[in-house]
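Next come the chains, spelled out residue by residue.
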Amino acid sequence: MNHHLQIIGHKISISLKKKGRWPSIEQEKKSEENKSSFVIEMEPKSKSSVVVLTWEDLCVRVPSSSSTGNDIAIIEELNGYAQPGEVLAIMGPSGSGKTTLLDALAGRLPSNTRQLGLIHVNGRKQRLCFGTSAYVTQDDTLTTTLTVKEAVYYSALLQLPDSMTTSEKKERAETTIKVMGLHEARNTKIGGWNIKGLSGGQKRRVSICIEILTRPKLLFLDEPTSGLDSAASYHVVNRIAKLSRQYKMTVIASIHQPSSEVFNLFHNLCLLSSGRTIYFGPASAANGFFALNGFPYPPMTNPSDHYLRTINKDFDEDTEKGFGGKVTTTEEAIYKLAKAYKSSQIFQQVKLQVSNLCKREGGILEKGSQASFLTQSVVLTRRSFLNMHRDLSYYWLRLGAYIGLGLCVGTIFLNIGTSFGSIQARGSVLLFVVAFLTFMAIGGFPSFVEDMKIQIFGRERLNGHYGVAAFVVGNTLSSVAYLLMISLLPGALAYYLVGLHKGYEHFLFFALLLFVCMMLVESLMMIVASIVPDFLMGIIVGAGIQGAMILNAGYQMIFPTQYANEGFYKNEFQGLQFPNNQIGGSSTISGEEILKNIWQMPTGYSKWADLAGLLGMVVLYRLMFFSIIKLSEKKKSSSCLNGA
């Protein structure tokens with residue numbers, strides 16, 4: 001049996017040496033041409049303008065939910081490297097730790113994990129966060145209302161520096177779309193739950209398009225061929241490999257089950273099972289490693305299928321047959337391969353190469369050049385405005401609901417007149433406006449969560465497409481026109497059907513105050529969206545805060561509702577005269593007296609002061625939203641740094 005393995009190992013070693021895959025080791029004796037004779041030739045490619053990534057004894061653990069309290073290892077004692085101009089494939093069964101390894105290398109592990117070991121970028125201990133690398137996640141988080149061309153073009157305007165002209169950015173976007181084979185679908189909307197659009201595989205290619213626009217020096221791809229057919233998978237990976245060679249990009253991709261053609265495009269392979277390394281080395285030499293350890297590659301079989309079937313223990317009743325017809329369980333095969341790798345010379349060569357690359361200290365990986373803050377703000381405003389215009393659920397449904405409420409309020413209190421009884425009716429109308437029209441601004445919360453946290457903002461911010469300040473500015477400016485429309489149309493219906501204070505200046509103040517109230521509530525919802533990860537929970541929290549504001553309207557310093565009440569009431573009653581039905585009083589009663597004696601509102605300052613107070617709280621809430629995001633990013637960055 002050992003003699004048989006020695007013969008196979010000798011043949012494979014000679015074959016690989018002829019192809020230049022393995023070096024000839026002068027110190028190696030011919031009698032040692034067995035399992036330990038697998039040696040990788042690893043020429044360092046580190047330069048200041050490229051990225052060499054290494055990891056040593058990398059472990060990731062999560063707290064156990066059991067009573068023992070011991071941490072659970074997701075990946076353990078992994079060693080490896082990735083070099084410019086090459087594509088490293090991370091393969092393994094589901095749950096083997098592929099995505100966890102990618103997240104650890106990219107500095108994107110969740111806060112409940114504990115990372116051990118060393119990660120070096122160009123020989124330096126450096127965290128990778130916010131724009132230092134590009135990451136294509138498993139989920140295609142895209143703006144569903146945009147076409148392929150619009151999504152990629154807007155991303156190019158955001159990411160590419162101002163030193164490039166608009167035409168150059170457009171050309172880069174169009175070229176990248178063609179590279180990913182999306183030219184025919186460039187005018188098709190991406191689509192979502194309410195819009196028919198691209199297929200899953202096409203969305204996957206759009207996600208890749210957006211992240212390779214800048215030709216990043218370090219690119220992470222999590223399941224890049226998910227949803228793609230065999231031909232599309234080959235073309236996508238082939239073009240990524242070509243870009244890697246052309247621009248000296250360091251590419252690390254987790255992949256589940258590549259075809260044999262796709263597998264042959266990978267330079268190196270990291271094979272994982274249950275968080276342990278089964279093999280790390282040239283992809284073309286993996287078959288020799290498996291054959292040498294008793295699991296030869298069956299003829300006419302996809303090599304990746306063979307490797308994954310051998311190390312997938314989810315179906316342990318399946319067995320693997322090695323040399324001599326011996327039946328081996330999957331658990332035993334995994335243990336045997338992992339042990340063989342740890343004791344092989346290839347593992348020692350990997351560790352030696354990692355050590356050598358760490359000693360060759362290169363330049364610090366810095367965030368790439370971006371568009372200026374002004375450009376980012378303008379582009380984000382345009383994109384967000386277009387999304388709001390096309391998304392029926394963002395503002396249009398709310399506009400319909402607001403018009404319905406305006407008609408209800410207007411017809412219930414139709415033409416209330418100026419009698420003494422109209423005083424109470426006017427107060428009721430204004431209370432309805434404050435309570436219901438502003439309260440319904442919470443209806444936009446699901447869209448905020450989708451666009452700002454779970455979906456678009458989270459991905460683009462982590463990949464460094466733009467800054468938080470530009471996002472806040474763009475989101476604020478893009479919503480102004482829609483909020484004005486919602487304030488004017490339903491407000492005019494309610495105002496003139498009821499017959500409130502005549503005069504266009506009073507209506508304009510009414511509409512302006514309603515607009516500021518809606519913007520205030522939306523600012524509050526943005527704060528909630530930045531804290532609460534789920535939109536159902538967020539609606540509950542937001543509704544609770546809104547209810548507290550209405551019930552505690554007298555506490556101005558805490559809740560802004562009182563500013564709104566005072567502004568509406570002052571605008572309505574100041575300057576009006578009503579017949580006085582109270583016994584012993586004058587025949588008429590002024591609006592100022594009504595405010596002071598009936599509604600018990602202060603009249604020492606004007607309605608414009610109330611409006612200014614609300615505007616100040618809008619600014620305060622937007623700044624709070626900005627601060628919460630920055631603090632959250634700082635926390636993530638520190639956790640990445642501490643774990644590295």
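Quick caveat, the model's predicted, so the values are computed rather than measured.

Cut-offs used in this document
- Residues numbered from 1 in each chain as written.
- Predicted model: local features only at pLDDT ≥ 70, side-chain atom pairs only at ≥ 80, totals over all residues.
- Heavy atoms only, no water.
- Pairing = 2+ DSSP bridges.
- Helix = DSSP H or I, 4+ residues; strand = E, 2+ residues; numbered from the N terminus.
- Axes fitted to C-alpha atoms, helices over the stretch in contact; angles between N-to-C directions.
- Contact = heavy atoms within 4.5 Å.
- Buried < 20%, exposed > 50% of the residue type's maximum accessible area, 1.4 Å probe, protein only.
- Right-handed = clockwise from strand over helix to strand, strands pointing away.
- Phe/Tyr/Trp six-rings, centres within 6.5 Å; stacked < 30°, edge-to-face > 60°.
- Lys NZ or Arg CZ within 6 Å of the ring centre and 35° of its normal.
- UniProt positions renumbered as here; feature names shortened; annotations may be inferred.
- Core = buried A, V, L, I, M, F, W, Y, C linked by side-chain atoms within 4.5 Å.

Undergrad: How should I be thinking about the sheet that holds strand β3 (residues 86–91) in this particular structure?
TA: By definition, the strands of a sheet pair up through backbone hydrogen bonds, in either a parallel or an antiparallel sense. Pairing is mixed in the open sheet, where 6 strands are placed in the order β6-β7-β8-β3-β9-β10. Two strands in the sheet have a free side with no partner beyond their single neighbour: β6 (134–136) and β10 (276–282). Strand-to-strand twist in this sheet, taken as the mean axis angle between neighbours without regard to direction, amounts to 15°. Helix α2 (residues 98–106) contacts β3, β6, β7 (218–222), β8 (250–254) and β9 (268–273) of the sheet and is inclined by roughly 155° relative to β7. Along the sheet, helix α9 (residues 303–311) makes contact with β3, β9 and β10, crossing β9 at roughly 25°.

Undergrad: What is the right way to look at the pairing of β7 in this model?
TA: In regular strands, side chains alternate between the two faces of the sheet. β7 sits mainly inside the fold: 5 of its 5 residues count as buried. Side chains of β7 alternate between two faces, with L218, F220 and D222 and L219 and L221 buried alike. Summarising the sheet, β6 and β7 pair through 3 bridges and their orientation is parallel. Looking at β7, one finds that V136 is bridged to L221. With 5 bridges connecting them, β7 and β8 associate as parallel partners. Note that in β8 the partner of D222 across the bridge is S254. As a crossover connection, the stretch from β7 through helix α6 (residues 230–247) into β8 is right-handed.

Undergrad: I would appreciate a short explanation of the packing of aromatic side chains in the present structure.
TA: Two aromatic rings, taken as a pair, are described by how far apart their centres are and by the angle between their planes. Counted under the stated rule, the structure contains 29 aromatic pairs. Relative to W599, the ring of F573 lies with its centre 6.2 Å away and its plane at 50°, an arrangement referred to as tilted. Residue F573 is found in helix α20 (residues 561–573), and its partner W599 is found in the loop between α21 (591–598) and α22 (607–643); the two are separated by 26 residues along the sequence. The class for F573 is buried, based on a relative accessible area of 0%. Through a chain of ring-to-ring contacts, the aromatic side chains of F263, Y279, F289, F290, Y307, Y341 and F347 assemble into a single cluster. Its end group placed over the ring of F509, K607 keeps NZ or CZ at 4.6 Å from the ring centre.

Undergrad: Quick question: what am I supposed to make of the UniProt feature "transmembrane region" (unreviewed entry) in the protein chain here?
TA: UniProt tags residues 395–417, 429–449, 469–495, 507–529, 535–555 and 608–629 as "transmembrane region" (unreviewed entry). Its end C-alpha atoms 37 Å apart, residues 469–495 is made of 100% helix and 0% strand. For the annotated span residues 507–529, helix accounts for 100% and strand for 0% of the residues, and the straight-line distance between the end C-alpha atoms is 33 Å.

Undergrad: When you look at unusual backbone geometry in this model, what are you seeing that I'm missing?
TA: Note on backbone geometry: most residues besides glycine have negative phi, and most peptide bonds are trans. Unlike most non-glycine residues, R215 shows phi in positive territory, near 50°. Mapped onto the secondary structure, R215 falls in the loop between α5 (200–212) and β7. R215 sits in the buried class, given a relative accessible area of 9%. Of note, the phi angle at Q600 is positive, near 55°, even though the residue is not glycine. Mapped onto the secondary structure, Q600 falls in the loop between α21 and α22. According to the relative accessible area criterion, Q600 is exposed, its value standing at 65%.

Undergrad: How should the nonpolar core be read in this particular structure?
TA: Nonpolar side chains in soluble globular proteins tend to be buried together. Counting 171 residues, the largest nonpolar core has L53, W55, L101, F220, I252 and F568 as the members making the most contacts within it. Every residue in contact with F568, bar those within four places of it in the chain, is listed here: L430, V433, V434, F510, L513, L514 and C517.

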